[in-house]
Amino acid sequence: MNEKRQRTDGPPPFEVALEEHGPRVHSWLTARVGPDRADDVFQETMIAALSAWDRARVESVRAWLFTIAQNKAIDEQRRDSRRPQPEAEMDAWPAAEVTDLLGDPVWDEVRALPEKQRVAVTLRFRGDLTHREIGSVMEISEPAARRNVFEGLKTLRERISDE
Amino acid sequence: MNSELESRLAGRPASGDNGAWARLRESLLERAEAEALIDLVYERHDSPFGTLLVVAGDEGIVRIGLHTEDEEGVLEDLARRISPRIGRGNRQPITATRSQLDLYFAGDLRHFDVPLDWRLTRGFRREVLRETAAIPYGSTASYAQLAERAGSPRAVRAAGSALATNPLPIIVPCHRVLRSDGSVGSYAGGSPMKEALLKLEREKGAD
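Only a predicted model underlies this, so the values are computations on that prediction, with no experimental measurement involved.

Draft legend 1. Inspection of the packing of aromatic side chains at higher detail. Under the defined criterion, the tally for this structure stands at 8 aromatic pairs over all chains. A ring pair is formed by B:F49 and B:F105, whose centres lie 5.6 Å apart and whose planes are at 65 degrees; its orientation type is edge-to-face. Here B:F49 is found in the loop between β1 (40-47) and β2 (50-56), whereas its partner B:F105 is found in helix α4 (residues 94-105), with 56 residues between them in sequence. By the ring-pair criterion, three or more aromatic residues cluster together here, those being B:F49, B:Y104, B:F105, B:F112 and B:Y137. Across from the ring centre of A:F125, 5.4 Å away, lies the NZ or CZ of A:R124, which sits over that ring.

Draft legend 2. Geometry of the domain arrangement of chain B. Residues and elements named next belong to chain B. Split by domain assignment, chain B resolves into domain 1 (18-105) and domain 2 (123-204). Measuring from the centre of the C-alpha atoms in domain 1 to the corresponding centre in domain 2 gives 25 Å. Taken together, the contact between domain 1 and domain 2 spans 13 residues of the former and 17 residues of the latter. Roughly 1,200 Å² is buried in total at the junction of domain 1 and domain 2, and carbon and sulfur atoms are behind 77% of that figure. Taken as a group, F49, L66 and Y104 account for 50% of the area that domain 1 buries against domain 2, more than any other trio of residues on that side. Counting the contacts that link domain 1 with domain 2 gives 0 salt bridges. Across the contact surface, domain 1 and domain 2 share 5 residue pairs in polar contact (both at pLDDT 80 or more). Listing elements by their share of the side of domain 1 that touches domain 2, those giving two or more residues are β3 (61-65) and α4. Tallied by class, the residues present in the side of domain 1 that touches domain 2 amount to 9 nonpolar, 3 polar and 1 charged.

Definitions and limits used
- Residues numbered from 1 in each chain as written.
- Chains lettered and ligands numbered in written order.
- Predicted model: local features only at pLDDT ≥ 70, side-chain atom pairs only at ≥ 80, totals over all residues.
- Heavy atoms only, no water.
- Phe/Tyr/Trp six-rings, centres within 6.5 Å; stacked < 30°, edge-to-face > 60°.
- Helix = DSSP H or I, 4+ residues; strand = E, 2+ residues; numbered from the N terminus.
- Lys NZ or Arg CZ within 6 Å of the ring centre and 35° of its normal.
- Domains from an automatic or database assignment.
- Contact = heavy atoms within 4.5 Å.
- Buried area = accessible area lost by both parts, 1.4 Å probe.
- Salt bridge = Lys/Arg side-chain N within 4 Å of Asp/Glu carboxyl O.
- Polar contact = N/O pair within 3.5 Å; in protein donor to acceptor, adjacent residues only side chain to side chain.
- Nonpolar A, V, L, I, M, F, W, Y, C, P; charged D, E, K, R; others polar.

Put into structure tokens, the structure is as follows:
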């Protein structure tokens, strides 16, 4: 077989990736864990990324950073013993007070979405990811990512217009 | 409305050098450095010719990027050749280098006194650049003279390419190297910059 060796570029300069993607990762985290905890989780995310930076690749670094951010957000939630919550509620986010801090009632509606739609919609608009990247972060197919964004957005639109 | 909903969801992410974002980046870099996760630090520096980059590694200044070079291109090259763990921050010896650059451009500094990290150049090229570093303020040398001083009088072209790839321009004064016929020759920062630096040093007087 004619095996073509694919040339893979090495990791990009950390600072370039930070400037290009950091603000969106941080912004997504403000919705994911709340504005008051976003800075800490963002730092955890970027430190974890930097520790494994040799694995970063120019073409996929953004989705990779969001994957780490997602994991760090879950860690943070599990650690958060200040507000003990039933297991089923673990993934319910944003927390109600986050909605207040973000100052927009649309986040109440986001909170009410099914988990997958909530992740997909926030990654799409707050994280500015492509459907393909969303699929990679959520470990689902690109069409499934697209469907989750579409359904989530549709529900939000209906509920907002009912207000 | 559709687009309104989308922009409400998007919010306004931090950007550029705004205060909160700058502080967040600064504390991130501090922690990354404390955990030894950063290999190179750089800062931009405004000069009379345009924005320069000053890059430092553990041992000293490793690279000066000229205004004619693309910032991302310089960083990508460093990522490949040294390490991609590059952060932006104003640290020693970067701060000292920046103030010395200001003084030099103002004609108030004749010798840079900052630690240099020579790892981006080796062999004959490094010899040529070390000889270049020894050319006194306000003086000039020819490519042929440098080749000779570096130990290979016939390697004039190789001396030329060593100078063309000088990772530490200004500090290692490749602008003091001229063609044998006395013409200024090329310069990574453009001939006008080379001429301006030579003129400045001439006016301030040779060592």
